[in-house]
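A closer look at the structure
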Amino acid sequence: MYICVTLKYFAIFTAKMLDIFIIFDKKIKKEVLKVELIYAILMALAAFVVAGVLSAIIFRKVGYNARKRVAESEIGSAEEEAKRIRDDGAKQAETMKKEALISAKEEILRQRNEAEKELKERRADVSRMERRITQKEENLDKKSEALEHKNEMLDKKLKENDLLREQIEELRQKELKVLEDISGISADEAKEELINRVESEVKHELAQRLSDLETQFKEDADAKAKNIISLAIQRCAADHVAESTVSVVSLPNEDMKGRIIGREGRNIQMLEKLTGVELIIDDTPEAITLSGFDPVRREIARITLEKLISDGRIHPSRIEETVEKATKEVEAGIKQAGERATFDVGIHGINADLVRMLGRLRYRTSYGQNVLKHSIEVALIAGMIADELGIDSTVAKRAGLLHDIGKAQTHEMEGSHVELGVNLAKKYKESRDVIHAIEAHHGDVEPQTITAVIVQAADAISAARPGARREDLENYIKRLEKIEEIAKGFSGVDKAFAVQAGREIRVMVNPEEINDDGMKLVAREMALKIQEEVKYPGQIKINLIRESRAIDYAK
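The notes below deal with the structure included here. (Residues numbered from 1 in each chain as written. Predicted model: local features only at pLDDT ≥ 70, side-chain atom pairs only at ≥ 80, totals over all residues. Heavy atoms only, no water.)

1. Quick word on the overall build of the protein
To keep things clear, this is the line we draw: Per the convention used, a helix needs a DSSP run of H or I reaching at least four residues, while a strand needs a run of E reaching at least two, with both numbered from the N terminus. Each residue gets one of three labels from its accessible area relative to the maximum for its type: buried under 20%, exposed over 50%, partly exposed in between, using a 1.4 Å probe on protein chains only. Contacts: residue pairs with any heavy atoms within 4.5 Å of one another. Each accessible area is a Shrake-Rupley result for a 1.4 Å probe, and residues are judged covered by the shown protein chains and nothing else.
From N to C terminus, the protein includes 17 helices and 8 strands. Out of the 555 residues belonging to the protein, those deemed buried represent 30%. Residue pairs at least 24 apart in sequence account for 63% of intrachain contacts in the protein once pairs closer than 6 positions are excluded. When the accessible area of the protein is evaluated, it comes to approximately 37700 Å², of which 55% is carbon and sulfur surface.

Rendered as structure tokens:
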């Protein structure tokens, strides 16, 4: 402030001096006078500046002292005010503390009184349980501490795992996104393509490996063939059951054998494929032998062959048509056999489906005994016993005729013939006595009616008569049926026929489902499953046949 005032007056003084200098310049023309005058002016200016600086220093010192005195007075006032406020706060805090202490003491006293009152009320119960609770608390504390520790560790690990899983999933998604962008296909499409490619390569390599192994095993087996006698045992079994598994068809002349075989064997191959029966053409004059354990197939093959011989036209398409006609004729014969059985026994009102199933029993044997003849025999014996006892013979005959009806389905469905027979009788609304007699005829349940006891006795009489049954044949038939059932259980199998007295099984596969490489795998898996589930002498040849057809019509 003081410096500004000094500078102001200095500027005014300088201006006045310049005016004087100008006036003197006009009047005085000599150079000496000008120099002296300028020197005098500069000296005056210097004296003036020094005086201004000194005055400024003096004024600044005076102002500083004045401001210091003012500030010290204000600080003293503020300290006194702060001290006063602090003293007032301390007094208020002390007052509030005393009030809070008093309230807390009152609350503690009140709670103590309530606790003492409640303690007195429960002292009797607590004293009795105190020791048990103490012990349990100690154990519980230990378990709780251990459990808390485990929970903490588990929570920590779970959080770490969740975080890690999220990071992995995020990285995986990013990688999948990058791969999808690069390849131009989605992850699912790439996975499916990779699986298909690997599956195809593995199947091809596995089929080649199996082929090499089979070749090696066959070479080893040929070297040890002299020590194996299973095939001889199997041939003996074939001779033993030949009378029940073989049919003979007479030929008009020897030339007919060549026509039945056909060019490159195409006719006989078609016959065997469609019927599942093996045609044996040997040196027997004017005769062909049909070999197969299923009498229905043998009958269809016999009728087909007789029709082809009488017609004279023998080629694959004609064989296919004739097999279809023969199958329909056999089905009609089955129905007639069932109706004839009901007529012979004198039972009426049986459901048409049950009658047809009775006819199917004509082609079933039980331990060498024809099941339909056995059922008729049981029905007649049961009727005679019922008449002798003076009870209703009609119900006894009906139960006797239907007691083995379940055997008509044992090829098609799982379960014993007793269970299947009971289900059929219930399905077609047979009486309760008939159903119970079917259920009890093998002793699976205790007989509860006289009819059930009569059917059980009649069944035993029919089966026990001399020459009725041969157990070896029944076991042999069941074994062949089991082999066919195993083969048909594989995916892609169309038909399966056990031939050569069970030494070979011919399997027709669907060419759309199984390729050439896959046939090796299916044959191997089929052989392993037969080895595990069937007991048999010798060895069984697994022969898979894959055929593709193209059919069109010219119009």
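2. Some words on the packing of aromatic side chains
Threshold: The rule is short: rings of Phe, Tyr and Trp, with Trp giving its six-membered ring, pair when the centres are within 6.5 Å, and they are stacked under 30 degrees, edge-to-face over 60, tilted in between. Charge-over-ring placement is defined geometrically: NZ (Lys) or CZ (Arg) within 6 Å of the ring centre, and within 35 degrees of the ring normal.
Scanning all chains against the criterion turns up 0 aromatic pairs. In this arrangement the basic side chain of Lys529 is found over the ring face of Phe490, its NZ or CZ atom lying 5.7 Å from the centre.

3. Things to note about helix 7 (residues 266-275)
When you tally the buried positions in helix 7, you get 7 out of 10 residues, the bulk of the element. Taken together, the buried positions of helix 7 are Asn267, Ile268, Met270, Leu271, Glu272, Leu274 and Thr275. Contacts made by the buried residues of helix 7 are with helix 6 (255-261), strand 2 (278-280), helix 8 (295-311), helix 9 (316-345), strand 6 (493-499) and strand 7 (504-509).

4. What to know about the nonpolar core
Which entries qualify depends on this criterion: What makes a nonpolar core is a set of buried Ala, Val, Leu, Ile, Met, Phe, Trp, Tyr and Cys residues whose side-chain atoms join them at distances within 4.5 Å.
One finds Leu361, Leu401 and Ile405 to be the most contacted residues of the largest nonpolar core, which totals 30 residues. When contributions to this core are tallied by element, the ones reaching two or more residues are helix 9, helix 10 (352-360), helix 11 (371-389), helix 12 (393-402), helix 13 (417-427), helix 14 (432-440) and helix 15 (450-464). By residue number, the principal contributor to this core is helix 14, which donates 5 residues. Those residues in contact with Ile405, other than ones at most four positions away along the chain, are Leu354, Met357, Leu358, Leu361, Gly421 and Leu424.

5. A few points about helix 9
Let me state the cut-off plainly: The span you would expect from a helix comes to 1.5 Å times its residue count less one.
The end-to-end C-alpha separation of helix 9 is 43 Å, in line with the 44 Å expected for 30 residues at 1.5 Å each. Residue Gly346 follows helix 9 closely and has a positive phi angle near 90°.

6. Quick notes on a negative patch on the surface
To be explicit about the condition: Patch definition: residues above 30% relative accessible area lacking any salt bridge, with like charges linked at up to 9 Å and the nonpolar side chains Val, Leu, Ile, Met, Phe, Trp and Tyr linked at up to 5 Å. A pairing counts as a salt bridge when a side-chain nitrogen of Lys or Arg comes within 4 Å of a carboxyl oxygen of Asp or Glu. We score Asp and Glu as negative and Lys and Arg as positive, and we do not count His or the chain ends. We put the charge of a Lys on NZ, of an Arg on CZ, of an Asp on CG and of a Glu on CD.
The grouping of Glu137, Glu138, Asp141, Glu145, Glu148, Glu152 and Asp155 at the surface amounts to a negative patch. Its place among the elements puts Glu137 in helix 2 (residues 31-183).

7. A few points about unusual backbone geometry
Here the phi dihedral of Glu264 falls at roughly 55°; this positive angle occurs in a residue that is not glycine. Overall, Glu264 belongs to the exposed group, its relative accessible area being 77%. At Lys429, a residue that is not glycine, the phi angle is positive and equals roughly 60°. Assignment of secondary structure puts Lys429 in the loop between helix 13 and helix 14.

8. Looking at the environment of Ala487
Mapped onto the elements, Ala487 comes out in helix 16 (residues 471-488). Sequence-distant contacts of Ala487, defined by excluding residues within four places in its chain, comprise Val493, Ala496, Ile505, Val507 and Met526.

9. A short note on the sheet that holds strand 8 (residues 541-546)
Note the cut-off: At least two DSSP bridges between two strands are required for those strands to pair. Between the N-to-C directions of two axes lies an angle of 0 to 180 degrees, each axis being a line fitted to C-alpha atoms and, for a helix, fitted only over the stretch in contact.
If you walk across this open sheet you meet the 3 strands as 6-7-8, and the pairing is mixed. Because the sheet does not close on itself, it has two edges, and the strands there are strand 6 and strand 8. Strand-to-strand twist in this sheet, taken as the mean axis angle between neighbours without regard to direction, amounts to 20°. Both strand 7 and strand 8 contribute to a ladder of 6 bridges, which runs parallel. Bridging from a neighbouring strand, Glu504 pairs with Lys541 of strand 8. Contacting strand 6 and strand 7, helix 7 runs over the sheet at an angle of about 105° to strand 6.

10. Observations regarding the side chain of Asp459
In this structure, Asp459 sits in helix 15. Of the residues examined, Asp459 reaches a relative accessible area of 7% and is grouped as buried.

11. A few points about the packing of helix 9 against helix 10
Each packed pair of helices is defined by two parameters, the angle between the axes and the distance between the axes. For the record, the criterion: Should an angle lie under 35 degrees it is considered roughly parallel, over 145 roughly antiparallel, and from 65 to 115 roughly perpendicular; all remaining angles are considered oblique. Amino acids outside the nonpolar list (Ala, Val, Leu, Ile, Met, Phe, Trp, Tyr, Cys, Pro) and the charged list (Asp, Glu, Lys, Arg) are all regarded as polar, and Gly is one of them.
Where helix 9 meets helix 10, the axes come as close as 7 Å, and the angle between the chain directions of the two elements is 100°. What the angle tells us is that helix 9 and helix 10 run roughly perpendicular. Across the interface between the two elements, Ile334, Lys335, Ala337, Gly338, Glu339 and Thr342 from helix 9 touch Val355, Arg356, Leu358, Gly359 and Arg360 from helix 10. Of the residues in the contact of helix 9 with helix 10, the class split is 4 nonpolar, 3 polar and 4 charged.

12. Re a nonpolar patch on the surface
On the surface, Val53, Leu54, Ile57 and Ile58 cluster together into a nonpolar patch covering about 380 Å² of accessible area. On the secondary structure map, Val53 appears in helix 2. Judged by relative accessible area, Val53 falls into the partly exposed class, the value being 46%.

13. Some details on the packing of helix 7 against helix 9
Condition: Handedness of each helix crossing follows the sense of rotation of the near helix against the far helix: counterclockwise by less than a right angle gives left-handed, clockwise gives right-handed.
The N-to-C vectors of helix 7 and helix 9 enclose an angle of 25°; their axes lie 9 Å apart at closest approach. Viewed along their axes, helix 7 and helix 9 adopt a mutual orientation that is roughly parallel. Viewed along their axes, helix 7 and helix 9 form a crossing whose handedness is right-handed. Where helix 7 approaches helix 9, its residues Arg266, Asn267, Met270, Leu271, Leu274 and Thr275 are matched on the opposing element by Pro316, Ile319, Glu320 and Val323. When grouped by side-chain class, the residues that make up the contact of helix 7 with helix 9 number 6 nonpolar, 2 polar and 2 charged.

14. Section: the side chain of His403
As a reminder, the rule being used: By the criterion applied in these results, polar contacts are pairs of N or O atoms within 3.5 Å in which, for protein atoms, one can donate a hydrogen and the other can accept it, and in which residues neighboring in sequence qualify only through two side-chain atoms.
Examined against the element boundaries, His403 turns out to sit in the loop between helix 12 and helix 13. The buried category is assigned to His403, whose relative accessible area is 0%. There is a polar contact of 3.1 Å between the side chain of His403 and the side chain of Asp404. Polar contacts involving the side chain of His403 include one to the side chain of Asp459, which spans 3.5 Å. Apart from residues lying up to four places away in sequence, His403 is in contact with His374, Ser375, Val378, Ile438, His441, Val455 and Asp459.

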